[in-house]
Amino acid sequence: MRRLKYILALGAFFVAAIGVSACGSGVGSSNVATVAGNPVSLQAFKHWMYVAAKGNSSQSPGSPVIVPTDPPNFTNCIAQVRKQIPSLKSQSDKTIKSDCNQLFTSLSQQVMDFLIRAYWYQGDAHNLKINVTDADVQKAFASAKKQQFPTPAAFNQFLSTSGQTMQDILFRVKVNQIYTKLLARYQTKVTPAAIEAYYKAHPTQFGTPEKRDIRIVRANKQDQANAALKALKSGQSWDAVAKKYSIDPTKNSGGVLKNVSQGQEEKAVDSAVFSAPTNKVQGVIHGQFGYYVFEVTKVTKATQQSLAQATTTIKQILSGQSQTKAQTAVDAKAKKDWLSKTKCQKQYAMNDCSGYKAPKSTSTATPGAPSGSATTAPSGSATAPAGSATAPPTTSTSK
């Protein structure tokens, strides 16, 4: 979800300010969860499940949109499957129900994470007096829209295929900006001194070692190696000598080893190879795995970028590390502040819910109905990964 099309994949904004007042501790039948008493409505959950299912089906053009939002019996989901997937029309209710349940579990966990973390991030932003104005949102949205959608028709097509409204998208951008401001509290500036220190500590990242092409004969006994050395010096070909005397896997290819780096071969051979001249038969070398005769046929010199040449790359690396640390810090604070105040209905419970305990055995495979039905849930179809800098989730109670 690095681009606008995915940044905007889900999102509307919870208007009430979290942390100002609580609405009671009960979740209530019309809600899937509460955060500090503020409800995450069942209606909003079903809306985002639809958006998630739309995103799921878009991964396979022409696939039906299956929205499993009626646990535990999944009567509507079963009817959807029978109507939209002819190949499953004759499947038993039990089989289709199992598939609906798997899809529900996958999409529900993604959507609940999306909705709940929306409250968490917004709640922390409110407490820290972080504000994003409507003008800020409009400016960011206009810029991103211009970059990602060349025409109004392309944007309208995105709205249609994603199942979202303009309100969803604008508020999505707003919370994304809030999240970015939360990250900024923890990110560190990449200084020239930090870049230089990284360069000195990781020299091999910015260069390539010397490499050599060689031919070898590896024999079990010294007299065999001596015979191979004599044959090569008398003018016999490496192909013939290697085939006759070598026990190395390269015996049938003339003993050729290409792009050998220092330290790649056993110590005695390595030392000899990287001190030898080119195009001169050398040996016999006694190593741990036999007796060697070799010849260096080519030397590729080592390369090394200067600090100036490597600066851009190092800056990107250090910026990425800073970003990751900031994401971890933002998520840790949000979890500390809000997890104990996040209550969920049992059938919608997941890691962001207080008191949640994962089932003893869970499947990590993406769910799907048999016969290739389009009910699998591709990663990222509902929400960005937890703590994503480009896609913090948002929620709505008005859907």
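This structure is a prediction, so every number in the text was calculated from the model and none was measured. Residue numbering note: each chain is counted from 1, following its sequence as written. Only residues with pLDDT of at least 70 get local features here, since the model is predicted, and only at 80 or more are side-chain atom pairs given and counted; chain-wide, interface and lining totals rely on the full set of residues. With hydrogens and water stripped out, all remaining heavy atoms of the structure feed into the side-chain values.

**Things to note about the nonpolar core**
Short version of the rule: Nine residue types can take part in a nonpolar core, namely buried Ala, Val, Leu, Ile, Met, Phe, Trp, Tyr and Cys, and a core is a set of them joined through side-chain atoms within 4.5 Å. The rule is simple: take the accessible area with a 1.4 Å probe, protein chains only, and divide by the maximum for that residue type; under 20% is buried, over 50% is exposed, in between is partly exposed. Counting from the N terminus, the helices are the DSSP runs of H or I reaching at least four residues and the strands are the DSSP runs of E reaching at least two.
In terms of nonpolar packing, the biggest core is built from 58 residues, with Val32, Phe45, Val81, Met112 and Ile116 touching the most fellow members. Mapped by element, the contributors of at least two residues to this core are β1 (31-35), α2 (42-58), α3 (75-84), α4 (93-127), α5 (134-148), α6 (152-162), α7 (166-184) and α12 (307-338). At 14 residues, α4 tops the list of elements feeding residues into this core. If you look at the next biggest cluster of nonpolar residues, it comprises 14 residues, including Val217, Ala219, Ala242 and Val281.

**Details of the sheet that holds strand β9 (residues 342-344)**
The condition is simple: The pairing criterion for strands is at least two bridges between them, as found by DSSP. What counts as an axis is a line fitted to C-alpha atoms, over the stretch in contact for a helix, and the angles between N-to-C directions run from 0 to 180 degrees.
Taken in spatial order, the 3 strands of this open sheet run β2-β1-β9, and their pairing is antiparallel. On the outer flanks of this sheet lie β2 (38-41) and β9, each paired with one strand and no other. Taking the axes of each pair of neighbouring strands and ignoring which way they run, one obtains an average angle of 20 degrees across the sheet. Across 3 bridges, the pairing between β1 and β9 is antiparallel. Among the inter-strand pairings, Ala33 is bridged to a residue of β9, identified as Cys344.

**Notes on the packing of aromatic side chains**
Selection criterion: Only Phe, Tyr and Trp rings take part, Trp by its six-membered ring, and two of them pair if their centres are within 6.5 Å. Stacked means planes under 30 degrees apart, edge-to-face means over 60, and tilted covers everything else. We call a charge positioned above a ring when the Lys NZ or Arg CZ atom is no farther than 6 Å from the ring centre and deviates by at most 35 degrees from the ring normal.
Counted by the stated rule, this structure contains 12 aromatic pairs. Ring geometry for Phe45 and Phe104: centres 6.4 Å apart, planes at 65 degrees, overall edge-to-face. Within this pair, whereas Phe45 is found in helix α2, its partner Phe104 is found in helix α4, the two being separated by 59 residues in sequence. Taking 5.6 Å as the distance between ring centres and 65 degrees as the angle between the ring planes, the aromatic pair formed by Phe74 and Phe104 counts as edge-to-face. You can see Phe74 sitting in the loop between α2 and α3 and its partner Phe104 sitting in helix α4, a full 30 residues away along the chain. Grouping residues by exposure puts Phe74 and Phe104 together as buried. Each member of the aromatic cluster is reached from another via a ring pair, and the members are Phe45, Phe74, Phe104 and Tyr348. Positioned over the ring face of Phe155 is Lys145, at 4.4 Å from the centre of the ring. Over the ring of Trp338 we find Lys341, and its NZ or CZ is 5.2 Å from the ring centre.

**Details of the pairing of strand β4 (residues 211-219)**
With 7 of 9 residues buried, β4 is to be regarded as a mostly interior element. Relative to strand β5 (residues 256-261), β4 runs antiparallel, the two being bridged by 4 bridges. What sits directly across from Ile214, in β5, is Leu257. Pairing between β4 and strand β7 (residues 290-300): 9 bridges, direction antiparallel. Bridge pairing links Val217 to Val293 in β7.

In short, shape yes, function no, at least from these values alone.
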